[in-house]
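Overview (structure and organization)
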Amino acid sequence: MVRSMADRKWSTSSWGESHAERAIQFGSQAPAINFAIRAFLASFSLCWSIACVVSDATVRASIPESEASAISANGEVAAGWDEDAAFRWSRETGMVGLGYLPGGRSFARALAVNSDGTVVVGFSYSEEGKEAFLWTEARGMEGLGDLPGGDEGRPPDYGTGFRSEARGVSASGSLVVGEAYSASGFEAFRWTRSEGMIGLGTLRGGRDSAANAVSADGKVVVGGTNYGPGYEAYVPFLWRASDGMRALPGFESGERQGSAQATNRDGSVVVGWFEERGDFRTKGFIWTEEGGIEVLPGRANAVSSDGTVVVGRDGSEAFRWVAGEGVESLGDLRGGNTYSNWFFAFSGDWALGVSGDGSRVVGGSYSNRGQEAFIWIEGKGMEGLGHLP
């Protein structure tokens, strides 16, 4: 199972502290050498902690990392990131970098792609800050701006500048959704070239919301939002142009907290993850108006066009769920699902996107080559997409 770098650093640094504490207790029984022992052990603990932080950064920097975040509905194009760069991949071109917005540091992530792979969205850093982008071959990478009032309503420790990212795009590529900072906090948005960026609000005066996906025609947006003026609950939402934002039915009470991650072609099927209040085990869900909520294993991240195939992650494995058939593991990249070096070992696979017909899946996996973007094809298995040149 993959653990965060913070988890790994904490486990190693706490080893030094706990051993030092026990030794200090022993030293307190011998007053003549107590001060010297305390000084030595304090130095040991400090040096161990510094070494862990340095090795943590060194190890992370030494691991090759790429991830495929999304795949087009036709299954021909994937988008994601490799190290600090956003990429677009196809069988014909391989992995191609998308560049960066001008004026900022060189860091970008591609998070979604339209139905035929001609439009990619995500975020990059520009001279204005962290900014949502839209990329096409003809126009390159374009910044989408930020919501009005963001700088005025932002806490001082958040800094200044844009804080937007694009997370979903319609089939045609003309409508983009995501999150940005407004006068009220982080807010889900909907963007078109003619109207610009428009905030979708929150529920019951909640502070934050984020849009994660949009239906093919752009009429249904899904994501997560605070429910109420405080931070009492964070629930999946469904937004329609006809009636605005509402909590996904079955989550209105706030006893189940989570987020909607994806929706199908017409917005009739929604998938995501949730936790029961007081129970921190993450579960996946698939929701329909007729059938309500069906619980799935792990975390559901994407759904096919007709809503019958869902992909995600359960524990340390990428999975594919098919209606009427159940769950299957997607297996591992050649070389296993573990990357190890002189100090750490990393393992696991996760599925983030699925083609319209459900036959192709993309995500990330650890192998003996590091963390690598993959494409899984029904009947063929998992294939690594490699790294940018």
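Okay, so let's go over this structure. Since the structure is predicted, the reported quantities are computational estimates derived from the model, not experimental observations.

What follows covers the packing of aromatic side chains. Across all of its chains, the model carries eight aromatic pairs by this definition. Ring centres of Phe251 and Phe285 lie 5.2 Å apart, and the angle between their planes is 50°; on these two criteria the pair is classed as tilted. Remark: Phe285 occurs in strand β20 (residues 283-288) and Phe251 occurs in the loop between β17 (244-247) and β18 (256-263); sequence separation between them is 34 residues. Of the two residues, Phe251 and Phe285, both sit in the buried class. Among the aromatic side chains, those forming a connected cluster through ring pairs are Phe107, Phe123 and Tyr125. Here Lys130 stacks its cationic end above the ring of Phe123, 4.5 Å away from the centre of that ring.

Here we come to the sheet that holds strand β22 (residues 299-303). With respect to topology, four strands assemble into an open sheet ordered β22-β23-β24-β25, the strand pairing being antiparallel. For this open sheet the edge positions go to β22 and β25 (326-329), each flanked by a neighbour on one side alone. On average, each strand axis in the sheet is inclined to that of its neighbour by 30°, with strand direction left out of account. Bridge count between β22 and strand β23 (residues 309-314): four bridges; the pairing is antiparallel. What sits directly across from Val303, in β23, is Val310.

Across the sheet, which stays open at both edges, the four strands sit in the order β18-β19-β20-β21 with antiparallel pairing between neighbours. If you trace the sheet from one side to the other, it starts and ends with β18 and β21 (292-296), each paired once. On average, each strand axis in the sheet is inclined to that of its neighbour by 30°, with strand direction left out of account. Looking at chain direction, strand β19 (residues 269-276) and β20 are connected through six bridges and run antiparallel. Bridged to Trp273 within β20 is Gly284.

Reading guide: rules and limits
Residues numbered from 1 in each chain as written. Predicted model: local features only at pLDDT ≥ 70, side-chain atom pairs only at ≥ 80, totals over all residues. Heavy atoms only, no water. Phe/Tyr/Trp six-rings, centres within 6.5 Å; stacked < 30°, edge-to-face > 60°. Helix = DSSP H or I, 4+ residues; strand = E, 2+ residues; numbered from the N terminus. Buried < 20%, exposed > 50% of the residue type's maximum accessible area, 1.4 Å probe, protein only. Lys NZ or Arg CZ within 6 Å of the ring centre and 35° of its normal. Pairing = 2+ DSSP bridges. Axes fitted to C-alpha atoms, helices over the stretch in contact; angles between N-to-C directions.

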